[in-house]
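Here's the letter readout for the chains.
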Amino acid sequence: MSKKRIATVSLAGCFGCHMSLLDIDERLLDLMQVADIDRSPLTDLKVFSQDCDIGLIEGGCCNEDNVEVLQEFRRRCEILVSVGHCAVTGGLPAMRNAIMHAKEPLRECLETAYGSSELVLNPENHVPNDTALPLLLDKVYPCHEVVTIDLQIPGCPPSADTLYTTLFALIEHGLSGVRDEALLHQGIRYD
Ligand code: SF4
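Summarised in this report is the structure supplied together with it. Throughout, residues of each chain are indexed from 1 in the direction in which the sequence is written. The predicted nature of this model means local features are confined to residues of pLDDT at least 70 and side-chain atom pairs, given and counted, to a pLDDT of 80 or more, with totals for whole chains, interfaces and linings taken over all residues. Hydrogens are left out, water is left out, and the side-chain values use all remaining heavy atoms of the structure.

1. Things to note about the sheet that holds strand S7 (residues 151–153)
Filter applied, for reference: Any two strands with at least two DSSP-identified bridges between them are counted as paired. By the criteria applied, helices consist of DSSP H or I runs no shorter than four residues and strands consist of E runs no shorter than two, each listed in order from the N terminus. Every angle, taken between N-to-C directions, lies between 0 and 180 degrees, and every axis is a line fitted to C-alpha atoms, over only the stretch in contact when it is a helix. Only heavy atoms enter the contact rule, under which two residues are in contact if any of them lie within 4.5 Å.
What the five strands build is an open sheet, ordered S2-S1-S3-S5-S7; its pairing is parallel. Edge positions in the sheet fall to strand S2 (35–37) and S7, since each has one partner strand and no second. The average angle at which neighbouring strand axes cross in this sheet is 25°, direction not considered. Summarising the sheet, strand S5 (residues 77–83) and S7 pair through three bridges and their orientation is parallel. Bridge pairing in S7 places valine 81 opposite leucine 151. Together, strand S1 (4–10), S2, strand S3 (52–58), S5 and S7 form the strand contacts of helix H6 (residues 160–173), whose direction differs from that of S7 by roughly 160°.

Right, dumping it as structure tokens:
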């Protein structure tokens, strides 16, 4: 079997899912026998060197940059996987969606974060607006609402065992290797 190619990215996430991937520990060596890592925080490659077999997405989409990156992963990865609660549902960053009832929810969110909180020292009420910053979306979107997602792995984060087992099944058998098993419901945790 030829080696598969894996890419990973963190969008609106906390990198906890990538930490869980590293928690595979010495079994990463087994994984490296059957797969190479392309674009990923693990390799520090910021662009794809070639199309990949598997793309792992941590986090949902909270800004325009997240959307562009996710769309590129969809174009360049044969199997695209949402990894963790943030990618699957929006997760913690999507808490800001709860103020969608407001007249101007994004404005209210920014003013609360930077201006009106007693815990914020910001005498000029300055909201960061440098042109280098990606524009925020109206709300935080889970990945499947932006592109087609082939597989979702729940958990916050998914356990290292779940990631390892799932990755190996995907590498060896493709999507059929995981859809036939109750594998994704093993060891779900939210801590
Ligand atoms: Fe972090 Fe949990 Fe979101 Fe993963 S699912 S990025 S661990 S908050």
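Alright, that's what it looks like, and here's the rest.
2. Details of the pairing of S1
Side-chain direction in a regular strand flips from residue to residue, so the side chains alternate between the two faces of the sheet. Under the convention used in this document: Exposure classes here rest on a 1.4 Å probe applied to the protein chains alone. A residue is buried below 20% of its type maximum, exposed above 50%, and partly exposed in between.
Of all seven residues in S1, six are buried; the element is thus mostly enclosed. Of the pairings in the sheet, the one linking S1 to S2 comprises three bridges and is parallel in character. Considered in S2, the bridge of isoleucine 6 is made with isoleucine 37.

3. Quick notes on the site of the ligand
Applied cut-off: To be near a molecule or strand, a residue needs just one of its heavy atoms within 4 Å of it. In this classification, Asp, Glu, Lys and Arg are treated as charged, Ala, Val, Leu, Ile, Met, Phe, Trp, Tyr, Cys and Pro as nonpolar, and every other residue, Gly included, as polar.
Gly13, Cys14, Gly16, Cys17, Glu58, Gly84, His85, Cys86, Gly155, Cys156 and Pro157 make up every residue found near the ligand. When contributions to the shell around the ligand are tallied by element, the ones reaching two or more residues are helix H1 (16–22) and helix H4 (85–89). Looking at the shell around the ligand residue by residue, the class counts come to five nonpolar, five polar and one charged.

4. Remarks on the layout of surface pockets
Here is the rule: Here the term cavity refers to a set of points on a 1 Å grid, laid over the protein atoms alone, in which a 1.4 Å probe fits but cannot get out; the term pocket refers to an open set having protein on both sides within 12 Å along at least five of seven lines, with lining residues being those that place an atom within 4 Å of a point. Grid points are joined across faces, edges and corners, and a volume is the space filled by probe spheres set on the points.
Counted as a void, the largest pocket has a volume near 370 Å³. In terms of lining, the largest pocket is formed by 15 residues, of which the most central are Leu110, Pro128, Leu133, Pro134 and Leu136. Broken down by element, the lining of the largest pocket gets its largest block of residues, five residues, from helix H5 (residues 105–116). Of the residues in the lining of the largest pocket, the class split is 11 nonpolar, two polar and two charged. Of the pockets and cavities examined, the second largest pocket occupies roughly 200 Å³.

5. Description of H6
To keep it simple, the criterion reads: What a helix is expected to span follows from its residue count: subtract one and scale by 1.5 Å.
If you check H6, its first and last C-alpha atoms are 20 Å apart, about what 14 residues at 1.5 Å a residue would give, namely 20 Å. Buried within H6 we find Ala160, Thr162, Leu163, Tyr164, Thr166, Leu167, Phe168, Ala169, Leu170 and Ile171. Glycine 174 occupies a position one or two residues after H6 and carries a positive phi of about 70°.

6. Topic: the side chain of glutamate 58
Here is the rule we go by: In protein, a polar contact means a hydrogen-donor-capable atom and an acceptor-capable atom, both N or O and within 3.5 Å, with residues adjacent in sequence counting only if both atoms are side-chain atoms; elsewhere, any N or O pair within 3.5 Å suffices.
Its place among the elements puts glutamate 58 in strand S3. A polar side-chain atom of glutamate 58 sits 2.7 Å from a polar atom in the side chain of serine 10. Within the local environment of glutamate 58, its side chain forms a polar contact with the backbone nitrogen of phenylalanine 15, the two atoms lying 2.6 Å apart. Non-local contacts of glutamate 58, meaning those with residues more than four positions away in its chain, are made with Val9, Ser10, Leu11, Ala12, Gly13, Cys14, Phe15, Gly16, Cys17, His18, Val83 and Ala87.

7. Some words on unusual backbone geometry
With an omega dihedral of -10°, the bond running from cysteine 156 to proline 157 counts as a cis peptide bond. Summarising the element assignment, proline 157 is placed in the loop between S7 and H6. The phi dihedral of aspartate 44 falls on the positive side, at around 65°, and the residue is not glycine. With respect to the helices and strands, aspartate 44 occurs in the loop between S2 and S3. Positive phi is not limited to glycine here, since asparagine 125 has a value of about 50°.

8. Comments concerning the pattern of salt bridges
Using the following cut-off: The rule for a salt bridge is simple: a side-chain nitrogen of Lys or Arg has to be within 4 Å of a carboxyl oxygen of Asp or Glu.
Counted by the stated rule, this structure contains 10 salt bridges. Note that arginine 76 and aspartate 51 form a salt bridge whose closest N and O atoms lie 2.8 Å from each other. With arginine 76 in helix H3 (residues 64–76) and aspartate 51 in the loop between S2 and S3, the pair connects residues that are 25 residues apart, well separated along the chain. Overall, the relative accessible area of 24% leaves arginine 76 in the partly exposed class. Exposure remark for aspartate 51: the relative accessible area of 47% places this residue in the partly exposed category. Several salt bridges share partner residues, and in doing so they unite Lys3, Arg5, Asp36 and Asp38 into one network.

These figures come from the coordinates and say nothing about function on their own.
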